[in-house]
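Structural description and commentary
These are the residues of each chain, in order.
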Amino acid sequence: MPEETDRSRLGPFPTEPAPGRSVLLGPLPEEGLSRDDVAERVADGRTNDVPVRASRSVGQIIRGNVFTRINAMIAVLFSVIAVIGPVQDGLFALVIVINTLIGITQELRAKRTLDRLAIVNAARPRVVRAGATVRVSTQEIVLDEVLEVGVGDQVVVDGVVTWAGGLEIDESLLTGEADPVLKQAGDTVMSGSFVVAGAGRFRATKVGRHAYAARLAEEASRFSLVRSELRSGINAILTWITYALFPIGALLVYSQLFMNGQVALDQPDSGGVPGPLADALRGMVAALVSMIPEGLILLTSIAFAVGVIRLGRHRCLVQELPAIEGLARVDVVCTDKTGTLTEVGMKLAEIRDLGGSSESPTLVLAALAASDPDPNPSMAAIAEGCAAGGRKAPDWTVTALAPFSSARKWSGASLLTPSGEGHWVLGAADVLAEPASPAAAEAARLGAQGLRVLLLARASARVDDEFAPGTVEPVSLVVLDQRVREDARPTLDYFADQGVDVKIVSGDHAASVGAVGRELGLSGADRPMDARDLPEEPERMAREVEGRSAFGRVTPERKRDMVRGLRDRGHTVAMTGDGVNDVLALKEADIGVAMGSGSPASRSVAQLVLLDNRFAVLPRVVAEGRRVIGNIERVASLFLTKTVYTMTLAIIVGLLAVAYPFFPRHATLINAVTFGIPSFFLALAPNTDIARPGFVLRTLRLAIPSGLVAGLAAVTTYLLVLGGRTVPDPADRTAVVITLCATTLWVLLLVAKPYVWWKVALVGSMVGLLTLAMVTPWGRWFFDLDVSDPTKVLTGLAVAGVAIAVITVIRVVDDRMTSRAAA
């Protein structure tokens, strides 16, 4: 239901135009739609029926977890076992069912978390209905609705301006045009643009999927998901494995049927399938099941889902899941100062009169604050300070208005006072005053103390003139006090410890930015730089930005260029901000992080939203991303080791034309105790490793040599216990199971570093499960195992010991080579 809004918080939208204002602002719009008008349009379907940007639907989650490439492979292999039996050999399908159910459950939990937080973060545009301003959800807007917008608001539907108070719209996210566009009555506005200055109202002419931004989104021309190296790497690995399944499966079936050069298709087995063919198919299924990394996709999904849930507890909304991965790889964080490192609110500390005007500076400031249709935090602090000092806004007529813009760094108004018309501007002292003037020097001195300083000056031109402000005469310095957040310093210290560079990028005076940086202990903050002095040449500018940590007087366009330059130099950049001036940089960064109290425009383009406005949450997000990425890399190494040793074993067995040593039930047992069950716990374990690029190569560097050694060890044991025969007995198969389990459990121990008690207990429990399967009568019957021949058991253990030694040597050599390369 729409809710009434306190109009005093929205800026002074007057009920009738003030004298002289119509030249600039035009007449105010009509009273908006009535309740009956809204009901009629809803009934006709003329609503803004755009999909909510949230998680997948329940149906999509179920389909996404059930209809996967891996499940399709497993279903085909299970159908083979369903025909030839026995039931024990189809146990692997039950594992897939359990995995799928776990995946659906975890993603549904994550969906509930995301949806709950998305409701809190959702934009609530202001509409005019029956003369009252109310807030509604974006989906409740109807055709012909009158919407009210101010600085930072995003235009959510297409429309025509009906009233404008210095309204400037940034359409860069849609058109690529960087300069804001001044809008007046009769001009069109497009959804997806946002307000950078002033305020206004417009009538909705296109809603829902007919709106401009909705069409762009459907065409995917501007909006895309965060690039995920993890997701693309896993997809590439699965593609390679899929291509390998067919020739290896064909080789195994052929070699089993033509062992010793004879075709063996007699001896019917259960289901009418000839015994040799059934054995060949069982061997093929056992090999292919082990080749498929069935738990990799599941555990990746679970790790991301659990990450979303954990971050949700800290009121962090993840709008794009791969953003968790992206933040784990971040090595540069660019952050705004005001509202991020400092408290959102400010306090008027002092008005320092410089002379130059017969009017009282406090009275002029009160008038400017009253004339601003959508005051920013600085103007709100001035208005509050003037009111606290007993200075009410005078009844002066506004003849022209120039709302604050981050690009020009000042706002102003032309006012009719008892002494005549005066043109007043309020903004950055180093922008409005001459650099060598006493006013600029005093403002710089105060700014170096961490204070926010604005200059009130009389301008020679009307503020809405093309050449405004013209020549300015300083009148007073307005000093605002802003407090540094208590949790800002520990946050910067965390990033410093983790090797992440932090750069403060602010529109304030460079000296003020440097003072805040020094107070927070930021390295390099003692050398703040004015962004206007940065080189124009992109490469030189990027080098300069890379070497410094505090920047002032940064325009929105320059902020975007700085982020782009860092990315071009190979950095993974996160940008945090809360204002409309941060939107371009948030969009350009690898990861955009917006504050929950920030402008709707900044929240809409960010991948992460900190709903409690706490910059200190960011280390938790980085840590969670590193936990997810580090654990998935470990799990991937385990599953790919299994894939490599199975491929090695299958190819050699196929070429030697001997029976495959395992039935599918053996593969299920090996997979469960060595990788399947342990990887589930490892995927959710704490992990503080710094995420690095090269996921696929790093994973294969461990998996390929470990898998090759394990596969060759299994073949060696198999050939030793066969003794020249081509068909194994249960004791032979058990010896190979022992070799593979012992070798791969050692790989598990190598991957599980650093060791803690629960990891040792985990591996010990897996050894216990394997021992139970081998020594209990039920286990031996179900899995077709035989440990009655000690010679074969010892052979399996001896070969495993040699394989363990080889894998350890390879791992040590690889670690040393990697360390030298890094150095």
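Located above this text is the structure these notes cover.
Owing to the predicted nature of the structure, the values given are computational and were not obtained by experimental measurement.

1. A word on the side chain of T342
Mapped onto the fold, T342 is located in the loop between β10 (332-335) and β11 (347-353). What makes T342 buried here is its relative accessible area of 0%. Among residues more than four places away in sequence, those in contact with T342 are K337, Q482, R483, V484, R485 and V516.

2. Some points on the environment of Y660
Residue position: Y660 is located in the loop between α22 (618-656) and α23 (664-682). Sequence-wise, Y660 and L281 are 379 residues apart; in three dimensions their C-alpha atoms are separated by 9.9 Å. Apart from the residues within four sequence positions on either side, Y660 is in contact with L252, Q256, G283, A286, A287, T646, L649, A650, V653, Y718, P728 and R733.

3. Quick notes on the packing of helix α8 (residues 229-257) against helix α24 (residues 695-722)
Look at α8 against α24: their axes get within 9 Å of each other, and the N-to-C directions meet at 50°. Classed by the angle they form, the pair α8 and α24 counts as oblique. Residues E229, L230, G233, I234, I237 and W240 of α8 form the contact with α24, whose own contacting residues are F695, V696 and L700.

4. Some remarks on the sheet that holds strand β22 (residues 608-610)
Taken together, the 8 strands give an open sheet; going across it, the order is β9-β22-β21-β20-β10-β17-β19-β18, and neighbouring strands pair in mixed fashion. Unpaired on one side and paired on the other, β9 (316-318) and β18 (529-530) mark the two borders of the sheet. Bridge count between strand β20 (residues 573-577) and strand β21 (residues 591-595): 4 bridges; the pairing is parallel. Paired with A574 across the bridge in β21 is I591.

5. Things to note about a positive patch on the surface
A surface patch of positive charge is lined by R109, R112, R116 and R313. In terms of residues, the positive patch owes the most to one element, helix α5 (residues 91-121), which gives 3 residues. Among the structural elements, R109 can be located in helix α5. Residue R109 is classed as partly exposed on the basis of its relative accessible area of 33%.

6. Observations regarding the side chain of T717
Looking at the element boundaries, T717 is found in helix α24. Note on T717: relative accessible area 0%, which makes it buried. Within the local environment of T717, its side chain forms a polar contact with the side chain of T739, the two groups lying 2.8 Å apart. Leaving out residues up to four positions away in the same chain, T717 has contacts with A735, V736, T739, T795, G796 and V799.

7. Remarks on the sheet that holds β11
Across the sheet, 6 strands lie side by side as β11-β16-β15-β14-β13-β12; this open sheet has antiparallel pairing. Every interior strand has two partners, whereas the edge strands, β11 and β12 (397-405), have only one. Taking each pair of neighbouring strands and ignoring which way they run, the sheet shows an average axis angle of 20°. Here β11 runs beside strand β16 (residues 472-481); their pairing, made up of 6 bridges, is antiparallel. Across the sheet, residue D353 finds its bridge partner in β16, namely S476. Those strands touched by helix α12 (residues 361-371) are β11, β12, β13 (410-417), β14 (420-428), β15 (452-459) and β16, and its axis lies near 105° from that of β13.

8. Digging into the pattern of salt bridges
In this structure the tally under the stated criterion is 37 salt bridges. The salt bridge partner of E442 is R445, with a shortest N-O separation of 2.7 Å. Taken together, the residues span about one helical turn, with E442 and R445 both in helix α15 (residues 438-447) at a distance of 3 residues. The exposure class assigned to R445 is partly exposed, which follows from its relative accessible area of 42%. A salt bridge links R532 to D530, with the nearest nitrogen and oxygen atoms 2.7 Å apart. Each of R126, E148, D153 and R201 takes part in a single network of salt bridges with overlapping partners.

Scoring rules and cut-offs
- Residues numbered from 1 in each chain as written.
- Predicted model: local features only at pLDDT ≥ 70, side-chain atom pairs only at ≥ 80, totals over all residues.
- Heavy atoms only, no water.
- Helix = DSSP H or I, 4+ residues; strand = E, 2+ residues; numbered from the N terminus.
- Buried < 20%, exposed > 50% of the residue type's maximum accessible area, 1.4 Å probe, protein only.
- Contact = heavy atoms within 4.5 Å.
- Axes fitted to C-alpha atoms, helices over the stretch in contact; angles between N-to-C directions.
- Parallel < 35°, antiparallel > 145°, perpendicular 65-115°, else oblique.
- Pairing = 2+ DSSP bridges.
- Patch = residues over 30% accessible without salt bridge, like charges linked within 9 Å, V, L, I, M, F, W, Y side chains within 5 Å.
- Areas by Shrake-Rupley, 256 points an atom, 1.4 Å probe, with all protein chains shown as cover.
- Salt bridge = Lys/Arg side-chain N within 4 Å of Asp/Glu carboxyl O.
- Lys, Arg positive; Asp, Glu negative; His and termini not counted.
- Charge placed at Lys NZ, Arg CZ, Asp CG, Glu CD.
- Polar contact = N/O pair within 3.5 Å; in protein donor to acceptor, adjacent residues only side chain to side chain.

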